[in-house]
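Per-entry structural report
Here's the letter readout for the chains.
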Amino acid sequence: MLHAVTKNDIIRLVAKTVEGFIEEARRQGEKHGPGATKLVAIFDMSDFSMKQYAWRPAAELVLCMLQMYEANYPEILKNCYVINAPKVFTLAWRVVKKFLHEYTISKIHLYRAEPAKWRPILLEQMEEDMWPASMGGAGRDPDGNPRCLTKIPQIGKVPKSMYMKKPIDKSLEENYTQACVKKGEKLSLDFIAPQEGYFLKWCFQSVGHDIKFGISCKDMDGKCHQIIPIHRVSSHLNEEVGVLECPAPATYTVTFDNTYSILRNKSLHYNISVGLPLPDAKDMVISADDNNQ
């Protein structure tokens, strides 16, 4: 899916979906009491593949969503049941639970492909016809389909025809600077913010492969600070765009890091500048913390 939409698109969709769940839980609570205001989640891991989650963009997305949940929705979950989990899932779980609070972990219950163990527990949480027959319940579509396609959106492979990866727009050649970051090397660019109130603005796109990106700052006293830690970005899939407020006179160093690559040079198109904000630029400001998520 990350080939067809951006990470932020998925996070916004998940947030919108959870907010919808919260609103529905509120309505149910008004009808049935406080016990109906929390959610029970069931994840069927029958088709789980470690290969998908070992892909860095997918792993970063999962961690971002976990952080979003912990920061905004820790109380909405009553219980989460992960069923039909293969042995390899335990490896992923060891990593994921490091980013969760113990209170959240206590609500998550893992079960292997042993319906005799997890089915009775699920029946204690909900009526049998509330979950699909394909997952051990009794729910079916009007046409008898055990997967409840009319109620539960089904996932599948995204056709390559929907991938966002496209050739670099030729208009970039006019407005952007082109550069090649050789394998095992870095490209560092310095920009001076002469006084408070200036903004550092950037947009860049790499060709064919990702690259590491980060921003550091050296103040008037010569002290260096890492504003945005160097991290890998999928700029070959989508153009990376950002704005950073410069709170005081300083020199900002934008770094494109290709030291982790031993085989490939990375081609870049970038447009980076320091200037005064537009009248409505405050709405565009992002912080270093936003980039670390």
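Here is a short report on the structure shown in this document. These numbers were taken from a predicted model, which means no experiment stands behind them. Residue positions are given per chain, counting from 1 as you read along its sequence in written order. Where local features are concerned, this predicted model is filtered to residues with pLDDT of at least 70; where side-chain atom pairs are given and counted, the filter is 80 or more; whole-chain, interface and lining totals use all residues. Side-chain metrics rest on all non-hydrogen atoms present in the structure, leaving aside hydrogens and water.

Thoughts on the side chain of Asp210
How we decide: Runs of E in the DSSP output that reach at least two residues are strands. Runs of H or I that reach at least four are helices, and both are numbered from the N terminus. In this analysis, two residues are considered to be in contact whenever any of their non-hydrogen atoms come within 4.5 Å of each other.
The residue Asp210 is located in the loop between strand 6 (198–206) and strand 7 (211–219) in this model. Asp210 has contacts with Arg232, Val233, Ser234, His236, Tyr260 and Lys266, leaving out every residue within four places of it along the chain.

What about the environment of Ser49?
You can see Ser49 is positioned in the loop between strand 1 (39–44) and helix 2 (50–54). As a C-alpha pair, Ser49 and Val88 span 39 residues in sequence and 8.2 Å in three-dimensional space.

Brief notes about the sheet that holds strand 7
Just so we agree on the cut-off: Paired strands, as defined in this entry, are two strands with at least two bridges between them according to DSSP. Lines fitted to C-alpha atoms define the axes, with helix axes restricted to the stretch in contact, and inter-axis angles between N-to-C directions lie between 0 and 180 degrees.
With antiparallel pairing, the four strands of this open sheet are ordered in space as 5-10-7-8. Each of the sheet's edge strands pairs with one partner strand only, and the pair in question is strand 5 (186–193) and strand 8 (224–233). Neighbour to neighbour, the strand axes of the sheet diverge by 15 degrees on average, direction disregarded. As defined by bridge partners, strand 5 adjoins strand 10 (residues 250–257) across eight bridges and the pair is classed as antiparallel. Its bridge partner being in strand 10, Ser188 is matched across the sheet by Thr255.

A closer look at the environment of Tyr198
Within the element layout of this structure, Tyr198 appears in strand 6. Along the chain, Tyr198 and Ala248 lie 50 residues apart, while their C-alpha atoms are 8.3 Å from each other. Beyond its immediate sequence surroundings of up to four residues, Tyr198 is in contact with Ala193, Leu244, Glu245, Cys246, Val274, Gly275 and Leu276.

Side note on the side chain of His236
So the rule is basically this: Each residue is assigned to one of three classes by its accessible area relative to the maximum for its type, calculated with a 1.4 Å probe on protein chains only: buried under 20%, partly exposed between the two thresholds, exposed over 50%. Here a polar contact means two N or O atoms within 3.5 Å. Within protein one must be a hydrogen donor candidate and the other an acceptor candidate, and residues neighboring in sequence count only if both atoms are side-chain atoms.
Note that His236 resides in the loop between strand 8 and strand 9 (240–246). Judged by relative accessible area, which is 15%, His236 ranks as buried. A distance of 3.4 Å separates the side chain of His236 from the backbone nitrogen of Asp210, its partner in a polar contact.

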